[in-house]
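Single-letter residue listing:
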Amino acid sequence: MQPDQHVVVIGNGIAGITLAQRLRARSDCRITIVSSESALHISRPALMYVYMGHMRQQDITPYPDWYWKEKKIELVHDLVLSIDFDQKALKLQNGAFLAYDQLVLATGSSAVYYNWPGQHLKGVQALISLQDLELMQQQTIGIKQAVIVGGGLIGIEMAEMLQSKGVEVTMLVREKLYWSTNLPEQEAKLVTQHILNCGIDLCLQDEVTEIVGDEKGNVRAVKTKSGVELPCQFTGIATGVKPNIAFLKNTALEIDKGIMVNHFFETSIPDVFAIGDCAQFKDPAPGEPALEQLWYTGRQHGEALSAILTGTRNAYHRGPWFNSAKFLNIEYQTYGFVPRHWDDLIYSSLYWEHPVKTKAIRLFYERESGILKGINLLGIRFRHDLCHHWLQEKYTIHQVMEQLPAVNFDTEFFQRYEPELLKQYYQQYPDRQEPARQHTWWKLRHRLSLFSEKSDNN
């Protein structure tokens, strides 16, 4: 890419910021980032800690002003009203026009609402952006009760935030267990019981039908299908997210749920690319989602596109799936593919759960080949590099068990539970023998060359 080229990125989330940083490392081209959310990039996963008082807003700004000047990355804090794809120019809310040679759309997600009566009342909102955080801070001052509609990861974050302020919280969840749309039943039961143990009420197998307001237009209750009326002064909407592409409707750009892209992030219009939550793959690989709306994949998209724009034309390859979250006091990690249901003739798993029901490990694999397909962890941390390596190299469950003692990432004084899983494994496979010597992380790391931060795409 030539220095006289101008790359404009709409969106300063992890996808857009990673793209700009990696592009600057590879090229002297002009780079401009446009965002209406915040003047500087913020760490969105940390928004909850600002609300709870664990961090200040300036603490979730990873890079100060001078960093962007030093990197010669221009920042524009404004809203893009429209795009003239023929003239290659953005129209900004302040009236100015911004020309580009290459445009990268990294516009993120917005919350999904389902046209419930009362959803526009004061005190009803989602939590996606910095503006949402500021609004939630205002709207929850002095309240006593809150209802969270939806049982996903944003929902449990909002519940924890509100509970930290002494608010009584009820989560309204359509399924019979919390997040059972994603977790196998044993993990879903564990997390559900943990939420209840922490004092958050769960209203399961029920749905909102109406959000009821008072005479001043403030929310006062949520009515459900079962006829229950839950009193509240705040209603959190956590029923999923959708690509933030409303301003692109009725343009020449091909969109569906998101902006349609190939595996080079090219859209239907030349010199226009899309990455992150707003990008939808036209031809996702079998078993992989068309929309990848995770922090980790957003970063991977930015890394991959920076290489493509500077001449390394490798198709994007995500590699094994990874996500992490927190269910109140329980950390959650998942690697690869662990479905909520499976055919026992095709798949099997090793599952261990601590008696206090705050920790669990599941290794999921193909029954016939023994190939590891995925890992679920609750309350225990494994080494990302080694889990990624196992899945990338298609290790069998037997190979994994030989290296299991090396995978724990918890600090040295934490109790280790891998021996419990090994005990279960040797009971299930009595013909297998314990390895003559135990693998250690540092020796494995050296032997397997797990040093680099190189992505799967480069």
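Only a predicted model underlies this, so the values are computations on that prediction, with no experimental measurement involved. (Residues numbered from 1 in each chain as written. Predicted model: local features only at pLDDT ≥ 70, side-chain atom pairs only at ≥ 80, totals over all residues. Heavy atoms only, no water.)

(A) How the structure looks around the overall build of the chain. Of regular secondary structure, the chain possesses 11 helices and 25 strands. Taking 458 residues into account, the globule formula puts the C-alpha radius of gyration at 23 Å, and the chain, at 24 Å, falls close to it. Considered along the principal axes of its C-alpha atoms, the chain spans approximately 75 × 60 × 40 Å. Across the chain, contacts joining residues at least 24 apart in sequence account for 61% of those joining residues at least 6 apart. In the form shown here, the chain has an accessible surface area of approximately 22,100 Å², with 48% of it arising from carbon and sulfur atoms. Of note, the chain has its 46 positive side-chain charges centred 2 Å away from the centre of its 52 negative side-chain charges. (Helix = DSSP H or I, 4+ residues; strand = E, 2+ residues; numbered from the N terminus. Rg over C-alpha atoms; globule rule 2.2 N^0.38 Å. Contact = heavy atoms within 4.5 Å. Areas by Shrake-Rupley, 256 points an atom, 1.4 Å probe, with all protein chains shown as cover. Lys, Arg positive; Asp, Glu negative; His and termini not counted. Charge placed at Lys NZ, Arg CZ, Asp CG, Glu CD.)

(B) Spatial organisation of unusual backbone geometry. The phi torsion at Asp-271 lies on the positive side, around 65 degrees, for a residue other than glycine. Position of Asp-271 relative to the elements: it lies in the loop between β18 (259-261) and β19 (272-274). Take Asp-271: its relative accessible area is 29%, and that puts it in the partly exposed class. Positioned with a positive phi, Lys-394 is a non-glycine residue whose angle comes to about 55 degrees. (Buried < 20%, exposed > 50% of the residue type's maximum accessible area, 1.4 Å probe, protein only.)

(C) How the structure looks around the nonpolar core. Membership of the largest hydrophobic core comes to 47 residues, with the highest contact counts inside it found for Ile-83, Phe-85, Leu-90, Leu-103, Val-104, Leu-105 and Leu-305. Broken down by element, the residue count for this core peaks at five residues, all from helix α1 (residues 14-26). Those residues within four positions of Leu-105 in sequence are excluded, and the remaining contacts are Ile-10, Ile-83, Leu-248, Leu-253, Ile-259, Val-272, Phe-273, Ala-274, Ile-275 and Cys-278. Ranked by size, the runner-up nonpolar core spans 43 residues in total, among them Met-158, Val-173, Ile-195 and Ala-360. (Core = buried A, V, L, I, M, F, W, Y, C linked by side-chain atoms within 4.5 Å.)

(D) Fine view of the side chain of Gln-119. Structurally, the position occupied by Gln-119 is in the loop between β8 (109-111) and β9 (124-125). Judged by its relative accessible area of 8%, Gln-119 is buried. A distance of 3.0 Å separates the side chain of Gln-119 from the backbone nitrogen of Asn-115, its partner in a polar contact. For Gln-119, the side chain forms a polar contact with the main-chain nitrogen of Trp-116, separated by 3.0 Å. Each residue touching Gln-119, except ones within four places of it in the same chain, is listed here: Tyr-113, Tyr-114, Val-124 and Ile-211. (Polar contact = N/O pair within 3.5 Å; in protein donor to acceptor, adjacent residues only side chain to side chain.)

(E) Examining the sheet that holds strand β6 (residues 97-99) more closely. Pairing is antiparallel in the open sheet, where three strands are placed in the order β4-β5-β6. Across the chains shown, the open sheet's two edge strands, defined by having one partner strand only, are β4 (80-84) and β6. For this sheet the average axis-to-axis angle between neighbouring strands, irrespective of direction, equals 25 degrees. Where β4 meets strand β5 (residues 89-92), four bridges bridge the pair, whose relative direction is antiparallel. Looking at the pairing, Asp-84 lines up with Ala-89 of β5. (Pairing = 2+ DSSP bridges. Axes fitted to C-alpha atoms, helices over the stretch in contact; angles between N-to-C directions.)

(F) Focus on the pairing of strand β21 (residues 322-327). In this sheet, strand β22 (residues 330-336) lies alongside β21 in antiparallel orientation, the contact comprising six bridges. Of the residues in β22, the one forming a bridge with Ser-324 is Gln-333. Counted between consecutive antiparallel strands, the loop separating β21 from β22 contains two residues, among which Leu-328 sits at a positive phi close to 60 degrees.

(G) Here's a closer look at the environment of Tyr-114. Checked against the element boundaries, Tyr-114 lands in the loop between β8 and β9. Between the alpha carbons of Tyr-114 and Thr-209 there is a distance of 9.9 Å; along the sequence they are 95 residues apart. Residues within four places of Tyr-114 in sequence aside, it is in contact with Gln-119 and Thr-239.

(H) Focus on helix α5 (residues 153-164). Between the first and last C-alpha of α5 there are 17 Å, a value that for 12 residues agrees with the 16 Å anticipated at 1.5 Å per step. When α5 is considered as a whole, its buried residues turn out to be Gly-155, Ile-156, Met-158, Ala-159, Glu-160, Met-161 and Leu-162. (Expected span 1.5 Å × (residues − 1).)

(I) Summary view of α1. An ideal rise of 1.5 Å per residue puts 18 Å on 13 residues; α1 measures up with 18 Å between its terminal C-alpha atoms. Burial of α1 is extensive: 10 of the 13 residues sit out of reach of the surface. Of the positions making up α1, those classed as buried are Ile-14, Ala-15, Gly-16, Ile-17, Thr-18, Leu-19, Ala-20, Gln-21, Leu-23 and Arg-24. Among the structural elements, β1 (6-10), β2 (30-35), α3 (65-70), β3 (73-77), β7 (102-105) and α7 (295-309) are those in contact with the buried residues of α1.

(J) Representation of the packing of α1 against α7 in the model. It is at 7 Å that the axes of α1 and α7 come closest, and there the two elements cross at 30 degrees. One way to sum up the angle between α1 and α7 is to call them roughly parallel. The element α1 and its partner α7 pack so that their crossing is right-handed. Contacts between α1 and α7 involve Ile-14, Ala-15, Thr-18, Leu-19, Arg-22, Leu-23 and Arg-26 on the former and, on the latter, Trp-295, Gly-298, Arg-299, Gly-302, Glu-303, Leu-305, Ser-306, Ala-307 and Leu-309. Within the contact of α1 with α7, the residues separate by chemical class into eight nonpolar, four polar and four charged. (Parallel < 35°, antiparallel > 145°, perpendicular 65-115°, else oblique. Left-handed = near helix turned anticlockwise from the far one by under 90°. Nonpolar A, V, L, I, M, F, W, Y, C, P; charged D, E, K, R; others polar.)

(K) Expanded view of the packing of aromatic side chains. One pass over the structure, following the stated rule, counts 21 aromatic pairs. Seen in terms of ring centroids, Phe-327 and Tyr-332 are 5.3 Å apart; in terms of plane orientation they differ by 40 degrees. Their pairing is tilted. Note on Tyr-332: relative accessible area 5%, which makes it buried. When the ring of Trp-352 is compared with that of Tyr-417, the centres are 5.0 Å apart and the planes differ by 25 degrees; the resulting orientation is stacked. One end of the pair, Trp-352, is in strand β23 (residues 347-353); the other, Tyr-417, is in the loop between α9 (397-403) and α10 (418-428), with 65 residues separating them in the sequence. For Trp-352, a relative accessible area of 8% translates into the label buried. Here a set of aromatic residues connected by ring pairs shows up, and it is made of Tyr-178, Trp-179, Phe-327 and Tyr-332. For Lys-165, the ring lying beneath its charged end belongs to Tyr-51, and the centroid distance is 5.2 Å. Looking at Arg-313, its charged tip hangs above the ring of Phe-264, at a distance of 3.9 Å from the centre. (Phe/Tyr/Trp six-rings, centres within 6.5 Å; stacked < 30°, edge-to-face > 60°. Lys NZ or Arg CZ within 6 Å of the ring centre and 35° of its normal.)

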